[in-house]
Amino acid sequence: AQSVTQLDSHVSVSEGTPVLLRCNYSSSYSPSLFWYVQHPNKGLQLLLKYTSAATLVKGINGFEAEFKKSETSFHLTKPSAHMSDAAEYFCVVSDASGTYKYIFGTGTRLKVLA
Amino acid sequence: EADIYQTPRYLVIGTGKKITLECSQTMGHDKMYWYQQDPGMELHLIHYSYGVNSTEKGDLSSESTVSRIRTEHFPLTLESARPSHTSQYLCASRGTGGFQPQHFGDGTRLSIL
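Structural notes, computed from the coordinates. (Residues numbered from 1 in each chain as written. Chains lettered and ligands numbered in written order. Predicted model: local features only at pLDDT ≥ 70, side-chain atom pairs only at ≥ 80, totals over all residues. Heavy atoms only, no water.)

**Topic: the overall build of chain B**
Across its full length, chain B holds zero helices and eleven strands. Of the regular secondary structure in chain B, the N- to C-terminal order runs β-β-β-β-β-β-β-β-β-β-β. Principal-axis analysis of the C-alpha atoms gives chain B an extent of 40 × 30 × 25 Å. The buried share of chain B, taken over its 113 residues, is 48%. Of note, chain B has its 10 positive side-chain charges centred 5 Å away from the centre of its 12 negative side-chain charges. (Helix = DSSP H or I, 4+ residues; strand = E, 2+ residues; numbered from the N terminus. Buried < 20%, exposed > 50% of the residue type's maximum accessible area, 1.4 Å probe, protein only. Lys, Arg positive; Asp, Glu negative; His and termini not counted. Charge placed at Lys NZ, Arg CZ, Asp CG, Glu CD.)

What follows is the structure, given as structure tokens:
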């Protein structure tokens, strides 16, 4: 069975400092992994996806994530936080059993301090 | 931005009313999904569809029903709304092939009085 764990429910950073949002996964198959962002009263927007082509994945708005198979991790980073980055972030693994379902983490709320 | 639309965006309605939440996508995606999300919480899959005339219940039990008569349209219906149905409902779709992400609508925030 597959699962995803977001290690921090809340993260606070100062504007201009680095962001690290942690995600560990469990999968019996080669996983498809995604990071989404959700702003208040909005749907989820895709930040980036891991497709096995490269372990370091670059996404939109300066975010990137590194797939580490040995650590079963897919942490999301950004060198310098902006006030507009304040939102909820979800790590997602695609169910490889053929059902085309997705397993969502419980989310990490990022707060950016001025 | 993905072309997936949900209406209404907000709905406040009394107990016992029949409600239909609309979801349409213009990307020709076969697979569509409905999620329920309480404020600040994770998403729970309540329904999904692999294509026309195909619907399945998700992991979270729901009193709602869905239909898929056309590829682009995946409405969700509550026959008799109750306060426990108050939540945000998110619709998503994905294309064919491996490593496909889901594309989400902006959601419907439903409040049952």
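**Details of the overall build of chain A**
From N to C terminus, chain A includes zero helices and twelve strands. If you list the helices and strands of chain A from N to C, you get β-β-β-β-β-β-β-β-β-β-β-β. Over its C-alpha trace chain A gives a radius of gyration of 14 Å, about what one expects of a compact globule, namely 13 Å for 114 residues. For chain A, the spread of C-alpha atoms along the principal axes amounts to about 45 × 30 × 20 Å. The long-range fraction of contacts in chain A, counting pairs at least 24 apart against all pairs at least 6 apart in sequence, stands at 55%. (Rg over C-alpha atoms; globule rule 2.2 N^0.38 Å. Contact = heavy atoms within 4.5 Å.)

**What to know about unusual backbone geometry**
Note that the residue after Thr7 of chain B, namely Pro8 of chain B, is joined by a cis bond; omega there is -10 degrees. Along the polypeptide, Pro8 of chain B turns up in the loop between strand S1 (4-7) and strand S2 (10-13). Of note in this structure, Asn41 of chain A is not a glycine but carries a positive phi near 60 degrees. Mapping Asn41 of chain A onto the fold places it in the loop between strand S5 (33-38) and strand S6 (44-50). Using a relative accessible area of 35% as the deciding quantity, one classes Asn41 of chain A as partly exposed.

**Regarding the interface of chain A and chain B**
Taken together, the contacts link 26 residues of chain A with 26 residues of chain B. It is Asn41, Tyr100 and Tyr102 of chain A that lose the most area in chain A upon contact with chain B, and together they represent 28% of the buried surface on that side. At the junction of chain A and chain B, the tally comes to two salt bridges. The salt bridge involving Asp106 of chain B is made with Lys42 of chain A; its shortest N-O contact spans 3.4 Å. (Buried area = accessible area lost by both parts, 1.4 Å probe. Salt bridge = Lys/Arg side-chain N within 4 Å of Asp/Glu carboxyl O.)

**What to know about the sheet that holds strand S3 (residues 19-25) of chain B**
All names here are of chain B. Taking strand neighbours across the sheet as the criterion, the four strands line up as S1-S3-S8-S7 in an open arrangement whose pairing is antiparallel. The open sheet has two free edges, formed respectively by S1 and strand S7 (65-66), since each of these has just one partner strand. Pairing of S3 with strand S8 (residues 76-78) involves three bridges; the strand directions are antiparallel. Across the sheet, the residue bridging to Leu21 is Leu76, located in S8. (Pairing = 2+ DSSP bridges.)

**Describing the pattern of salt bridges**
Residues and elements named next belong to chain A. In total, this model carries nine salt bridges over all chains according to the counting rule given. A salt bridge links Asp8 to Arg22, with the shortest nitrogen-to-oxygen separation between them at 3.0 Å. Taken together, the residues Asp8 in the loop between strand S1 (3-6) and strand S2 (10-14) and Arg22 in the loop between strand S3 (19-21) and strand S4 (23-26) connect sequence positions 14 residues apart.

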